[in-house]
Amino acid sequence: MGSPVLWVVFNACVIAALVLDLGIFHRRARQVSLPEAAASSAIWIALSLGFDLWILQTHGRGPALEFLGGYVVEKSLSLDNIFIFLVVFRTLGVAPRLQHRVLFWGILGALIMRGAMIGIGTALLERFSWVLYVLGAFLLASGVRLLWRGQPKVDSERNLIVRWARRVFPVSANPAPEHFFVTENGRTAVTSLFLALLIVEGSDLLFAVDSIPAVFGITRDPFIVYSSNVCAILGLRALYFLLAGALPYFRFFDAGLSAVLIFIGGKMLADPWLHLSTYMVLAVIVAIMGIAMAASIAGARGASRNNDSTR
């Protein structure tokens, strides 16, 4: 699927949604409330599922299942970004009312980068079939690495992107900036808000290296890969404000993501000898993440009871 008209219409709708979000709903910097985040997250999920229903009605069950599988994988993997965002904002002292602005521009940049990466990946797969096995092996390695990684740490002083920015641009000493750039002593300087944006963009690029090959493991259709990525990423801001306070309930989430990457990587490597239907792939992914979430909730509740009993 993915005719030129469909590509244009889909991207026009995405741009319109982003303009509406920043230009009307979040024109002024303010903290996003929990009810607002819940409503926004529900709307983005409903829009994504509605788009999948449209694919089902116009292109059939196969493409609809592929989109749903890609959306679930991308949504699950993008949740790992939430922890990075939280650590970045705390480390650089980004005020809650300014976090939405950073996430908006960060996700806009992420959409552009992912579009380019998906285009390159599609061209490579069409020209060199063996690239599929390279991606499969890479996902296996990424899954094992994620399993042993532990909680990611963000050191803004050692971050390569931030160090490069500090060498190239003067950095403002203002501890609570309102903008990405300010004028000090007659010259333009970047602020800690801009440094936070650079780290958000860099971290998303690293996560995209895992997530995009994972979706290619489900479908080869570039439009489905792209649209499932976009739909998952667009709702990430609302999901951040909704789930940032519930990170203790995600303690086994990385283990689930690791299992998903290993499963999809193994599927890509075994594809010439063992073909799994999209139904089965989606069922396995949902089962893995469901078990990880159930174990995380049970573990968090157990830890809470132990803390209460020791007081």
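Since we're looking at a predicted model, the values are computed, not measured.

**Observations regarding the confidence of the model for the protein**
Stage number 1. Across the protein, the average pLDDT comes to 79, with 85% of residues at or above 70.
Stage number 2. Helix α6 (residues 160-168) is the least confidently modelled element of the protein, averaging 75 in pLDDT, while helix α8 (residues 222-234) averages 89, the highest of any element.

**So, a nonpolar patch on the surface**
Stage number 1. A grouping of I120, L124, F128, W130, Y133 and V134 is seen on the molecular surface, where their side chains present a nonpolar patch of about 570 Å² in accessible area.
Stage number 2. Those elements that place two or more of their residues in the nonpolar patch are α4 (96-127) and α5 (131-149).
Stage number 3. As for its placement among the helices and strands, Y133 is situated in helix α5.

**Some thoughts on the packing of helix α2 (residues 34-59) against helix α9 (residues 236-243)**
Stage number 1. The interhelical angle for the contact between α2 and α9, taken along N-to-C directions, is 140°, at an axis separation of 8 Å. In terms of orientation, α2 lies oblique with respect to α9. Both α2 and α9 take part in a crossing whose hand is left-handed. Packed against α2, whose contacting residues are L34, A37, A38, S40, S41 and W44, the element α9 presents R237, A238, L239, F241 and L242 at the interface.
Stage number 2. Considering only residue class, the contact of α2 with α9 consists of eight nonpolar, two polar and one charged.

**Focus on the pairing of strand β2 (residues 187-190)**
Stage number 1. Note that strand β1 (residues 181-184) and β2 share four bridges and pair antiparallel. By the bridge assignment, V182 is partnered in β2 with A189.
Stage number 2. The loop that links β1 with its antiparallel partner β2 comprises two residues; one of these, N185, has a positive phi angle of about 55°.

**Overview of the side chain of E74**
Stage number 1. Relative to the helices and strands, E74 is located in helix α3 (residues 61-92).
Stage number 2. Take E74: its relative accessible area is 0%, and that puts it in the buried class.

**Points about the packing of aromatic side chains**
Stage number 1. Counted under the stated rule, the structure contains 11 aromatic pairs.
Stage number 2. Both rings, one in F51 and one in F67, keep their centres 5.4 Å apart while their planes meet at 70°; by these two values the pair is edge-to-face. Placement of F51 in helix α2 and of F67 in helix α3 is noted, with a sequence separation of 16 residues between them. Accessibility assignment for this pair places F51 and F67 in one class, buried.
Stage number 3. Ring centres of F67 and Y71 lie 6.2 Å apart, and the angle between their planes is 10°; this geometry places the pair in the stacked category. Residue F67 and its partner Y71 are both found in helix α3; the two are separated by four residues, about one turn of the helix.
Stage number 4. The class of Y71 is buried, set by a relative accessible area of 6%.

**Comments concerning the environment of N229**
Stage number 1. Structurally, N229 can be placed in helix α8.
Stage number 2. Relative accessible area serves as the criterion here: at 1%, N229 is assigned to the buried category.
Stage number 3. As a C-alpha pair, N229 and S211 span 18 residues in sequence and 8.6 Å in three-dimensional space.
Stage number 4. Contact partners of N229, with chain neighbours within four places excluded, come to E74, R114, I118, S211, I212 and V215.

Reading the values: rules and limits
- Residues numbered from 1 in each chain as written.
- Predicted model: local features only at pLDDT ≥ 70, side-chain atom pairs only at ≥ 80, totals over all residues.
- Heavy atoms only, no water.
- pLDDT = per-residue confidence, 0-100.
- Helix = DSSP H or I, 4+ residues; strand = E, 2+ residues; numbered from the N terminus.
- Patch = residues over 30% accessible without salt bridge, like charges linked within 9 Å, V, L, I, M, F, W, Y side chains within 5 Å.
- Areas by Shrake-Rupley, 256 points an atom, 1.4 Å probe, with all protein chains shown as cover.
- Salt bridge = Lys/Arg side-chain N within 4 Å of Asp/Glu carboxyl O.
- Axes fitted to C-alpha atoms, helices over the stretch in contact; angles between N-to-C directions.
- Parallel < 35°, antiparallel > 145°, perpendicular 65-115°, else oblique.
- Left-handed = near helix turned anticlockwise from the far one by under 90°.
- Contact = heavy atoms within 4.5 Å.
- Nonpolar A, V, L, I, M, F, W, Y, C, P; charged D, E, K, R; others polar.
- Pairing = 2+ DSSP bridges.
- Buried < 20%, exposed > 50% of the residue type's maximum accessible area, 1.4 Å probe, protein only.
- Phe/Tyr/Trp six-rings, centres within 6.5 Å; stacked < 30°, edge-to-face > 60°.

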